[in-house]
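If you want the building blocks of each chain, they are given just below.
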Amino acid sequence: MKTGPADHRTPDGKSPTSVRLLRNPIDFIAEDHLRLRTMCAEMDRLADSTGPESDAVVALLDYLRQELPDLLADEDDDLMPLILKRAEPEDELPRLARRLAREHGEIETHQRSVVAGLVAIADTARVPDRLRDPLRDLAAATRRHLILENAILLPLARVRLRSADLGVLRKAMLRRRGLNDPFVA
């Protein structure tokens, strides 16, 4: 579960993104991208590990089962439709939306494989050779995708989305996480 609104820690990518950042949901997604990049580094580290990794396996499983699906749904179900609604023809958003959807599909396929592999080793917490490439593949696909989203999608969202759009996005993201809107008086 995300941390509460009273959380004033400095974002580090190692902890779940603070719901406090949902005041501006684009900031929250950008911070979630930092968290995802950190988890990619953890996947690479696990792929190279030789010893037991029970805490790391549990943490990665938790992330892949809850936080990553929430982030992908935030982008697919809420952010992209809002941006498409506000896009200008020169934005070429329909083409970008198709590419991002394909990449999310690739990430989800890798994610399912990695989750199944991690569940299978939860007792031993040793990463078998057969799981090393799927971990690396998920990390690589995700990093490629983040480059596109951070360079094009989020800057476009900051320019195109209106205050009311951000409110709609925030409410959907809070609802997905089972939270009430702490920013409404």
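Structure: see above.
None of these values were measured; they are calculated from a predicted model. (Residues numbered from 1 in each chain as written. Predicted model: local features only at pLDDT ≥ 70, side-chain atom pairs only at ≥ 80, totals over all residues. Heavy atoms only, no water.)

**Considering helix H1 (residues 25-48)**
Residues three or four positions apart in an α-helix share a direction because the helix packs 3.6 residues into each turn. Taking 1.5 Å per residue, 24 residues should reach 34 Å; H1 reaches 35 Å between its end C-alpha atoms and fits that length. Sitting at the amino-terminal end of H1 is Asn-24, which places a side-chain oxygen 2.9 Å from the backbone nitrogen of Ile-26. (Helix = DSSP H or I, 4+ residues; strand = E, 2+ residues; numbered from the N terminus. Expected span 1.5 Å × (residues − 1). Polar contact = N/O pair within 3.5 Å; in protein donor to acceptor, adjacent residues only side chain to side chain.)

**Let's talk about the environment of Pro-69**
Topologically, Pro-69 is positioned in helix H2 (residues 54-86). Residue class for Pro-69 comes out partly exposed when judged on its relative accessible area of 29%. Linking Pro-69 and Gln-111, residues 42 residues apart in sequence, is a C-alpha distance of 9.4 Å. Non-local contacts of Pro-69, meaning those with residues more than four positions away in its chain, are made with Tyr-63, Leu-64 and Gln-111. (Buried < 20%, exposed > 50% of the residue type's maximum accessible area, 1.4 Å probe, protein only. Contact = heavy atoms within 4.5 Å.)

**Some points on the side chain of Glu-103**
With respect to the helices and strands, the residue Glu-103 is situated in helix H3 (residues 93-121). Relative accessible area serves as the criterion here: at 14%, Glu-103 is assigned to the buried category. Engagement of the side chain of Glu-103 in a polar contact is seen with the side chain of His-145, the distance being 2.5 Å. Discounting chain neighbours no more than four positions away, the residues touching Glu-103 are His-145 and Leu-148.

Bear in mind that shape data such as this cannot, by itself, settle questions of function.
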